[in-house]
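# Analysis of the macromolecular model
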Amino acid sequence: MTRDEQAFFALLAIGSAIFYFLIIPWQIADPDWATVSPRLMPQICAIGIFVLSIYKLATSLKTAIPEFRVSANSYGILAICIAIPTMAALAMAWVGFWIPAGIMIAACLLLTGTRNPLTVIAFSAGLTGVTWFLLDLAGLYLS
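As the structure is a prediction and not an experimental result, all values here were calculated from the model.

Moving on, we come to the packing of helix α1 (residues 3-27) against helix α2 (residues 40-60). For any two helices packed against each other, one specifies the inter-axial angle together with the distance between the axes. Two elements in contact, α1 and α2, have axes separated by 8 Å at closest approach and are oriented at 155°. Taken together, α1 and α2 sit at an angle that is classed as roughly antiparallel. As α1 packs across α2, the resulting crossing turns out to be left-handed. Of α2, the residues touching α1 (which contributes Gln6, Phe9, Ala10, Leu12, Ala13, Ser16, Ala17, Tyr20 and Ile24) are Pro42, Gln43, Ala46, Ile47, Ile49, Phe50, Ser53, Ile54, Lys56, Leu57 and Ser60. Taken together, the residues of the contact of α1 with α2 break down into 14 nonpolar, five polar and one charged.

And the structure:
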């Protein structure tokens, strides 16, 4: 494993720790009437990403190749990958859930190389709409 891959895993671990300790507690309140905290699933995902990235980082230290194959541009893309959900979570405090969620999906699709506007719009609107519909069926309402 090259040094740049180790840097990716380290940044992924730092990003998931920021989500676990800062973003999730700040953005998700624990209601008194809930039997399961709404923080549970995001915290499980953040812990999983953190543990797996630390594991990959720790197991690769002995076999590290001291060359860098990834350009500086790729580190910028990784920073954008961390910034998109962070900015969406921050925007949810002011705008609500649905608009930042749809914009985040569209931004992630554009970042991964999807350039067809019909696909980006249909997927982001469709996923947001289906999520809203399923939550409405379950009787769960988000602002």
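Structure's up, so let's keep going.
A word on the side chain of Ser60. Structurally, Ser60 is set in helix α2. Classification of Ser60 as buried rests on a relative accessible area of 2%.

Let us now look at helix α5 (residues 117-138). Along an α-helix, a turn takes 3.6 residues, which lines up residues three or four apart on a common side. Its 22 residues give α5 an end-to-end C-alpha distance of 31 Å, which sits within 8% of 32 Å, the value for a rise of 1.5 Å per residue. Residues of α5 that are buried include every one of Val120, Ser124 and Thr128, and no others. Along the long axis of α5, the arc covered by the buried residues comes to 35°, so they all point the same way. Relative to its buried face, α5 has exposed residues pointing more than 90 degrees away, namely Leu118, Leu134 and Leu137. The distance from a side-chain oxygen at the start of α5 to the backbone nitrogen of Leu118 is 3.1 Å, and the residue carrying that oxygen is Asn116. Within two residues after α5, Gly139 carries a phi angle of roughly 80°, on the positive side.

Evaluated as defined, the whole model comprises two aromatic pairs. Between Tyr20 and Phe21, the ring centres sit 4.9 Å apart and the planes meet at 85°, which makes this aromatic pair edge-to-face. For Phe21, a relative accessible area of 58% gives the class exposed. Between Phe97 and Trp98, the aromatic rings sit 4.8 Å apart at their centres with planes inclined by 85°, giving edge-to-face as the arrangement.

Before going further, it helps to examine α1. Taking 1.5 Å as the rise per residue, α1 with 25 residues should run 36 Å; its terminal C-alpha atoms sit 34 Å apart, in good agreement. The sharpest bend along α1 comes to roughly 40°, located at Phe19. Listed as buried for α1 are Asp4, Gln6, Ala13, Gly15, Ser16, Ile23 and Ile24. Contacts from the buried residues of α1 go to α2 and α3 (72-95).

Conventions used here
Residues numbered from 1 in each chain as written. Predicted model: local features only at pLDDT ≥ 70, side-chain atom pairs only at ≥ 80, totals over all residues. Heavy atoms only, no water. Axes fitted to C-alpha atoms, helices over the stretch in contact; angles between N-to-C directions. Helix = DSSP H or I, 4+ residues; strand = E, 2+ residues; numbered from the N terminus. Parallel < 35°, antiparallel > 145°, perpendicular 65-115°, else oblique. Left-handed = near helix turned anticlockwise from the far one by under 90°. Contact = heavy atoms within 4.5 Å. Nonpolar A, V, L, I, M, F, W, Y, C, P; charged D, E, K, R; others polar. Buried < 20%, exposed > 50% of the residue type's maximum accessible area, 1.4 Å probe, protein only. Expected span 1.5 Å × (residues − 1). Arc of directions from axis to C-beta. Polar contact = N/O pair within 3.5 Å; in protein donor to acceptor, adjacent residues only side chain to side chain. Phe/Tyr/Trp six-rings, centres within 6.5 Å; stacked < 30°, edge-to-face > 60°. Bend = angle between axes of the 7 residues up to and from the residue.

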